[in-house]
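Chain residues, written in single-letter form:
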Amino acid sequence: MSLVELARYHTRVEADLARLALGAEGIDAVIFDAEANSFFGGIGLIGVRLMVLDEELDEAAAILAADG
């Protein structure tokens, strides 16, 4: 089991919304690099990464695509 990047967002808010959508479907996700993004003013210089377990990647991608 390892974490893999599912998506990258310009802001923490976008990443949190996606994380919550996954959580509602029973998939745990974590956010990486939110603090670095905020340090640079949240303007997308450093993307906020949404991470999931590698074995849940396909299901999580399908959920986000359906919400999109």
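As the structure is a prediction and not an experimental result, all values here were calculated from the model.

**Q** I'd love a proper account of the sheet that holds strand β1 (residues 3-9), names of residues and values included.
**A** The strand order across the open sheet formed by 3 strands is β1-β3-β2, and the pairing between neighbours is antiparallel. The two strands at the open ends of the sheet, each matched to only one other strand, are β1 and β2 (30-32). The average angle at which neighbouring strand axes cross in this sheet is 35°, direction not considered. As paired elements, β2 and strand β3 (residues 48-53) share 3 bridges and run antiparallel to each other. Bridge assignment links Val30 to a residue of β3, and that residue is Met51. Along the sheet face, helix α3 (residues 57-67) touches β1 and β3 and points at about 20° away from the line of β1.

**Q** Break down the nonpolar core for me, citing the residues and quoting the values.
**A** Core analysis: the biggest nonpolar cluster contains 16 residues, and Leu6, Tyr9, Leu22, Leu50, Val52 and Leu64 have the highest contact counts within it. For this core, the elements supplying multiple residues, two or more each, are β1, α1 (12-24), β3 and α3. Setting aside its immediate chain neighbours within four residues, Val52 contacts Ser2, Leu3, Val4, Leu6, Leu22, Ile27, Asp28, Ala29, Leu57 and Ala60.

Rules of the game
Residues numbered from 1 in each chain as written. Predicted model: local features only at pLDDT ≥ 70, side-chain atom pairs only at ≥ 80, totals over all residues. Heavy atoms only, no water. Pairing = 2+ DSSP bridges. Helix = DSSP H or I, 4+ residues; strand = E, 2+ residues; numbered from the N terminus. Axes fitted to C-alpha atoms, helices over the stretch in contact; angles between N-to-C directions. Contact = heavy atoms within 4.5 Å. Core = buried A, V, L, I, M, F, W, Y, C linked by side-chain atoms within 4.5 Å. Buried < 20%, exposed > 50% of the residue type's maximum accessible area, 1.4 Å probe, protein only.

Without other data, these values stay purely geometric and don't point to any function.
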